[in-house]
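Observations on chain architecture
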Amino acid sequence: MSYACQEIWLKLLVLMTISLFPPVSSNTDLHDFTDIEDVRLSTPQQVDPNGYIAYCPCMGRFGNQADQFLGALAFAERVNRTLILPPWVEYIPYKAGSLQIPFSTYFDPNAVLKYHRVVTMEEFMNNMAPLIWPKHERISFCYAERKIGKGCDAKEGNPFGPFWDSFEIDFVKSEIFGPDLHYLSHANSKVSWAKYKGNDWPVLAFVGPPSVFPVEEENTHLQEYLVWNNKIESQALEIISNLPKGRFVGIHLRNGIDWVRACEHIDESRGLFSSPQCTGYRNEHGRLTPEVCLPSTHTIIHQVIQRVKLINATSVYVASDHNHLYHELSFALGKYGTTVHRSSHDSPHVDLAVLGKSNLFIGNCVSSFSAFVKRERDVKGLTSNFWAFPEPVKNLEDHNEL
C-alpha cells in the first residue's frame, strides 16, 4: 500500500472507527492504572547496542492499534532492534486530547519477550533515554513529509501531540526515509535499514506505526505473543464462571451509527478494514457484501440458533459497541433453554478475552475488534465464524419434468 493510500486510510479509520470501543469515561482516574503501569520485564534490561524502535500508535482505536502492533513487532525483529512497547491510545468523550494507557494495563510484556526483545515505554524513558537518547538528538522518522516544508511534523494533531507530550518528547528535526525504504515485510527496498547504525541512531522514532493496517497475513501468527495480563484474564474467567454450566457461543455485534455509515459504502470487489480475515488477502475466499458488514437481525438470530444447536450451547455471550440485541436474542433462544448474557461493566478488553475463550465465536468480518478475537482463536486452534459469510447457498426447488 502506497504512503498516499495509507494517509487516506488513516483519515478514514479515525472517522469510521471512532466508536469501536465504548469511550473512556471522562471520570476515569489515571490512578486506577498505577498498580500495573510500573510492571518490569522479568529479563533484566540492558542498553541494546543495535538500537530501539519507538512509534505512536496513532491510527484508530484499540483494534486497529493491535493490528499494527503485530506489524511493528515483526519489523523490530526484522531490523534487529528492541521494540519500545507503546501505551495504548484511548480517547476522552467530548474532550480534546487522549489518554496514554500503559501497555501492561492489558497485556503481559514478558509474553512478548518470547518472540523478540522489548521494553515498556515507561521503563525506557525513565532508565535508558537519559543515557542514549538526549533531548538534543531526538529525530522523528516518516516516509514522507506530513506538511510541505514541515518535515514529519510529528506532534501535529491528536493523538500525535498528546502521545509524545506524555513522555516530554520533542523532536529537533525529521528524517524522511521514503521512498527508498519501507517497513513492509515483502517490500523490495533499494537500501537496507542497516544504514541507520545503532550507535549513530539509537532510536528510530516513527511518527506512526512502522506497519500497515490490516496486519499483513504473514504476521497474524504473532498474536500468540499478545497475552492478557492476570487482571484481564481473571476478570474474563470470573464472567465465564457465572454463565450457566455448559458450552457457550460468543458473538460480536458491530452496529453503531459510524459503522452503519461505513457499511453503506462497501465496494463488493474490494476489501474494507479487516475483511481479509474472511474474504482472504486476495479475495480468494469470497466477496464482501453489505450484509457481511452489517448483518440484519434476522441473519444474526438465524445464525446464532444454528450454532447454539450445533454445539448444544447453554448460553450466548454478546459484545457490542451499541446494540446487544438482548431482548431479540433472548426471545428467539428461549425455546431452546439458552440464555443471553453481556458484561455488567464497560470493558471491551474483558469482552475480547471472554470471546477468545468461547466454545464457538461469531464475529464481524470487517471489524478489527472481531479480528483480534479471530487471531487469538486461530493460534489456539479454536473455531470462528462470521456473519453472513460465506454466502449461504440458496435451496433450489425440485421440479419434476413431465
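Residues numbered from 1 in each chain as written. Predicted model: local features only at pLDDT ≥ 70, side-chain atom pairs only at ≥ 80, totals over all residues. Heavy atoms only, no water.

1. Observations concerning the packing of aromatic side chains
Using the following cut-off: Side-chain rings of Phe, Tyr and Trp, where Trp is taken by its six-membered ring, are said to pair if the distance between their centres is within 6.5 Å; with planes under 30 degrees apart they count as stacked, over 60 as edge-to-face, and otherwise as tilted. Secondary structure elements follow DSSP: runs of H or I no shorter than four residues count as helices, runs of E no shorter than two count as strands, and numbering proceeds from the N terminus. Here the term buried applies to any residue with accessible area under 20% of the maximum for its type, exposed to any over 50%, and partly exposed to those in between, with areas from a 1.4 Å probe on protein chains only. The rule for a charge over a ring is simple: NZ of Lys or CZ of Arg within 6 Å of the ring centre, and within 35 degrees of the ring normal.
Tallying each qualifying case throughout the model produces 31 aromatic pairs. Judged by centre distance (5.7 Å) and plane angle (80°), the rings of F177 and F206 are edge-to-face. Of the two residues, F177 is situated in the loop between β7 (173-176) and β8 (203-206) and F206 in strand β8; the sequence distance between them amounts to 29 residues. According to the relative accessible area criterion, F177 is buried, its value standing at 4%. When its relative accessible area of 2% is taken as the criterion, F206 is described as buried. Here the aromatic rings of W193 and Y196 are separated by 6.0 Å at their centres, their planes lie at 40°, and the arrangement is tilted. Judged on exposure class, the residue W193 and its partner Y196 are both buried. An aromatic cluster is defined as three or more aromatic residues linked by ring pairs; in this entry it consists of F75, F141, Y143, F177, Y183, W193, Y196, W201 and F206. Geometry around W133 places R138 over its ring, the cationic atom sitting 4.8 Å from the centre. The ring of F160 has R146 sitting right over it, with the charged end atom 4.1 Å from the ring centre.

2. Here we look at the pairing of β8
For clarity, the threshold we go by: A pair of strands is labelled paired if DSSP reports no fewer than 2 bridges between them.
Neither face of β8 is open: one carries V203 and A205, the other L204 and F206, and all of them are buried. Where strand β1 (residues 52-55) and β8 come together, 4 bridges link them in parallel fashion. Counterpart to Y55 in the pairing with β8 is F206. In terms of strand pairing, strand β6 (residues 139-142) meets β8 through 2 bridges, oriented parallel. Paired with S140 across the strands is A205, a residue of β8.

3. Side note on the packing of helix α2 (residues 62-79) against helix α13 (residues 368-380)
The condition is simple: Fitting a line to C-alpha atoms yields each axis, with helices limited to the stretch in contact; the angle taken between N-to-C directions then spans 0 to 180 degrees. Should an angle lie under 35 degrees it is considered roughly parallel, over 145 roughly antiparallel, and from 65 to 115 roughly perpendicular; all remaining angles are considered oblique. Crossing handedness is read from the near helix: turned anticlockwise from the far helix by less than a right angle, it gives a left-handed crossing, and turned clockwise, a right-handed one. Only heavy atoms enter the contact rule, under which two residues are in contact if any of them lie within 4.5 Å. Lys, Arg, Asp and Glu make up the charged group, whereas Ala, Val, Leu, Ile, Met, Phe, Trp, Tyr, Cys and Pro make up the nonpolar group; the residues left over, Gly among them, are polar.
Between α2 and α13, whose axes approach to 7 Å, the crossing angle comes to 45°. Taken together, the axes of α2 and α13 are oblique relative to one another. Crossing geometry of α2 relative to α13 is assigned as left-handed. Every residue of α13 that contacts α2 at F62, G63, N64, A66, D67 and L70 is listed here: S368, F372 and R375. Per-class residue counts for the contact of α2 with α13 are 4 nonpolar, 3 polar and 2 charged.

4. Here we look at the side chain of Q68
Positionally, Q68 belongs in helix α2. In contact with Q68, other than residues within four places in its own chain, are Y55, M59, P209, S211, V212 and F213.

5. Points about the sheet that holds strand β11 (residues 339-341)
Paired through backbone hydrogen bonds, the strands of a sheet run either parallel or antiparallel to each other. Reading across the sheet, the 5 strands line up as β11-β10-β9-β12-β13 and stay open at both edges, with parallel pairing between neighbours. One side of each edge strand has no neighbouring strand; the edge strands of this open sheet are β11 and β13 (384-386). Between one strand axis and the next, the sheet turns by 20° as a mean value, whatever way the strands run. With 3 bridges connecting them, strand β10 (residues 315-320) and β11 associate as parallel partners. Bridge assignment links S315 to a residue of β11, and that residue is T339.

6. Remarks on the state of the cysteines
We count it as follows: Cysteine sulfur atoms that come within 2.5 Å of each other are treated as a disulfide pair.
Under the defined criterion, the tally for this structure stands at 4 disulfides. Between the sulfur of C142 and that of C152 lies a disulfide, 2.1 Å long from S to S. Measuring the twist about the S-S bond at about -90°, one finds the C142-C152 disulfide to be left-handed. With C142 in strand β6 and C152 in the loop between β6 and α5 (160-165), the pair connects residues that are 10 residues apart, well separated along the chain.

7. A word on the environment of V215
Here V215 is to be found in the loop between β8 and α6 (230-241). For the pair V215 and Q68, spaced 147 residues apart in sequence, the C-alpha separation works out to 6.0 Å. When sequence neighbours within four positions are dropped, the list of residues in contact with V215 reads D67, L70, G71, T220, Y281 and R375.

8. Thoughts on the pattern of salt bridges
Quick note on the threshold: Here a salt bridge means any side-chain nitrogen of Lys or Arg lying within 4 Å of a carboxyl oxygen belonging to Asp or Glu.
Counted by the stated rule, this structure contains 13 salt bridges. A salt bridge links D165 to K155; the nearest nitrogen and oxygen atoms lie 2.4 Å apart. Of the two residues, D165 is situated in helix α5 and K155 in the loop between β6 and α5; the sequence distance between them amounts to 10 residues. Overall, the relative accessible area of 24% leaves K155 in the partly exposed class.

9. Comments concerning the sheet that holds β1
With parallel pairing, the 6 strands of this open sheet are ordered in space as β5-β2-β1-β8-β6-β7. Edge positions in the sheet fall to β5 (118-120) and β7, since each has one partner strand and no second. When strand polarity is set aside, the average angle formed by the axes of neighbouring strands in this sheet is 30°. In the sheet, strand β2 (residues 82-85) pairs with β5 via 3 bridges, with the strands oriented parallel. Across the sheet, the residue bridging to I84 is V119, located in β5. Seen against the sheet, α2 touches β1, β2, β5 and β8 and runs at an angle of roughly 160° to β1. Across the sheet, helix α4 (residues 121-132) touches β1, β2, β5 and β8, and the angle it forms with β5 is around 100°.

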